[in-house]
Amino acid sequence: MSELSNQLPSDPISSVGIITSPSKAPEDYTVVAQTTDGSDADLRKDSLFKSKVTRYLCFTRKPGPDVVVDIKVIDIKEPLPEGYTPVEETMDTKETAMRKRRLCVKISPRAAAETAVYDIQIIAKTKYHLVNYTCIGDINSMGIWNRKGDVPKHKSSQETASTANTEAPSTTASRRTMSRPDYEHQNSGNYTMTALDDVPFVVPEKFFQNPKEMQQVNLMGITIKSLAEIEEEFQYNFSTERSIAV
């Protein structure tokens, strides 16, 4: 068998299973049918009785909401590790997957995963070690190895829309700032037409009140005055300011 690539696959593994034959793998699944040295990777091979029962490990990297973040191989009598799911049935025939050992998989939402499993290989236990891989246990005198890597973070459509909405106010504010010179030109004598030109300003009738009636209102000693009375009482001609400006 050819040497393994040092380059990490583009996508992490999203599901792991056991099948009875390499030819019965589900669509988009990769079967680990051979060990790294080219031997049969049957997980149930019985050299003594030549059993016809076979089991092969398979996995898929088909993108989905979840990824495989860890894999363990434990004895059938050991308690199931917290957060792990056992592979108990074959995917093709629904038969018991393993006999003395149990393959356990830990799944996590892709968005929450920092690292994930990218590849799985099987080697003859006493042959050699795989660079960049970690041994997770042995089945039928063969070592099961996996390779992990960082999970790339992709912005979802909702996150993209949220970012666009966040940037929208700054764009609006920028447009408002750009329109301010129009008023400056108008004040300086360079008149510029605006959208409010020729729009009459009319106060609704419901806001008109008789000043005499308002004069009669007294709330806890506070007298409500008309606009004319306020202007008369607080009139200021700004003569001092004008003399300084001159």
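Residues numbered from 1 in each chain as written. Predicted model: local features only at pLDDT ≥ 70, side-chain atom pairs only at ≥ 80, totals over all residues. Heavy atoms only, no water.

1. Topic: the overall build of the chain
Each helix and strand counted, the chain has four helices and eleven strands in total. Here the chain holds 246 residues, and 28% of them are scored as buried. By sequence separation, contacts in the chain at least 24 residues apart represent 71% of the contacts at least 6 residues apart. Put simply, the chain shows about 17,600 Å² of open surface, and 53% of that area lies on carbon and sulfur atoms. (Helix = DSSP H or I, 4+ residues; strand = E, 2+ residues; numbered from the N terminus. Buried < 20%, exposed > 50% of the residue type's maximum accessible area, 1.4 Å probe, protein only. Contact = heavy atoms within 4.5 Å. Areas by Shrake-Rupley, 256 points an atom, 1.4 Å probe, with all protein chains shown as cover.)

2. Thoughts on the sheet that holds strand 5 (residues 85-86)
Strands sit in the order 4-6-5 across an open sheet of three strands; the sheet is antiparallel. A single partner strand is all that each edge strand has here, and the edge strands are strand 4 (66-75) and strand 5. (Pairing = 2+ DSSP bridges.)

3. Observations regarding the sheet that holds strand 7 (residues 115-124)
The sheet built from three strands is open, its strands ordered 7-9-8 with antiparallel pairing. Edge positions in the open sheet fall to strand 7 and strand 8 (134-139), since each of these has one partner strand only. On average, adjacent strands in this sheet sit at an angle of 25° to one another, irrespective of strand direction. Across five bridges, strand 8 lies against strand 9 (residues 142-150) in antiparallel orientation. Along strand 9, the bridge assignment pairs Gly137 with Ile144. (Axes fitted to C-alpha atoms, helices over the stretch in contact; angles between N-to-C directions.)

4. Remarks on unusual backbone geometry
Backbone geometry places Asp28, a non-glycine residue, at a positive phi of 75°. Of note, Asp28 is situated in the loop between strand 1 (15-19) and strand 2 (29-32). Even without a glycine there, the phi angle at Ser141 is positive, about 65°.

5. Quick look at the nonpolar core
Counting 23 residues, the largest nonpolar core has Val16, Leu43, Leu57, Ile120 and Ile144 as the members making the most contacts within it. Where this core is concerned, the elements lending two or more residues are strand 1, strand 3 (56-60), strand 4, strand 6 (101-109), strand 7, strand 8 and strand 9. Setting aside residues up to four positions removed in sequence, Leu57 forms contacts with Val16, Gly17, Ile18, Thr30, Val31, Val32, Leu43, Leu103, Ile120 and Ile144. Val67, Ala113, Ala116 and Val151 belong to the second largest nonpolar core, which has five residues in total. (Core = buried A, V, L, I, M, F, W, Y, C linked by side-chain atoms within 4.5 Å.)

6. Things to note about the side chain of Thr20
Position of Thr20 among the secondary structure elements: in the loop between strand 1 and strand 2. Classification of Thr20 by relative accessible area gives buried; the value is 10%. Among the polar contacts listed, one links the side chain of Thr20 to the side chain of Asp92, at a separation of 2.4 Å. Setting aside residues up to four positions removed in sequence, Thr20 forms contacts with Thr54, Arg55, Tyr56, Thr90, Asp92, Thr93 and Glu95. (Polar contact = N/O pair within 3.5 Å; in protein donor to acceptor, adjacent residues only side chain to side chain.)

7. Some details on the pattern of salt bridges
Under the counting rule described, the total for this entry stands at four salt bridges. Note that Lys148 and Asp70 form a salt bridge whose closest N and O atoms lie 3.0 Å from each other. Taken together, the positions of Lys148 in strand 9 and Asp70 in strand 4 put the pair 78 residues apart, joining distant regions of the chain. Residue Lys148 is classed as partly exposed on the basis of its relative accessible area of 38%. Ionic pairing is found between Arg101 and Asp138, a salt bridge with its closest N-O pair at 3.9 Å. One end of the pair, Arg101, is in strand 6; the other, Asp138, is in strand 8, and 37 residues separate them in sequence. Accessibility expressed as a relative area gives 25% for Asp138, which makes it partly exposed. (Salt bridge = Lys/Arg side-chain N within 4 Å of Asp/Glu carboxyl O.)

8. Considerations on the pairing of strand 3
Most of strand 3 is tucked away: five of the five residues are buried. Alternating positions in strand 3 separate into two faces, Tyr56, Cys58 and Thr60 on one and Leu57 and Phe59 on the other, with burial throughout. Summarising the sheet, strand 1 and strand 3 pair through five bridges and their orientation is antiparallel. Bridge pairing in strand 3 places Ile18 opposite Leu57. Judged from the four bridges that link them, strand 2 and strand 3 form a sheet pairing that is antiparallel.

9. Digging into the confidence of the model for the chain
Scored by pLDDT, the chain comes out at a mean of 79, with 69% of its residues at no less than 70. Taken together, the stretch residues 171-188 has pLDDT below 50 and engages in seven contacts with residues farther than four places along the chain or on a different chain. (pLDDT = per-residue confidence, 0-100.)

10. Here's the deal with the environment of Lys62
Position of Lys62 among the secondary structure elements: in the loop between strand 3 and strand 4. Beyond its immediate sequence surroundings of up to four residues, Lys62 is in contact with Ser14 and Asp28.

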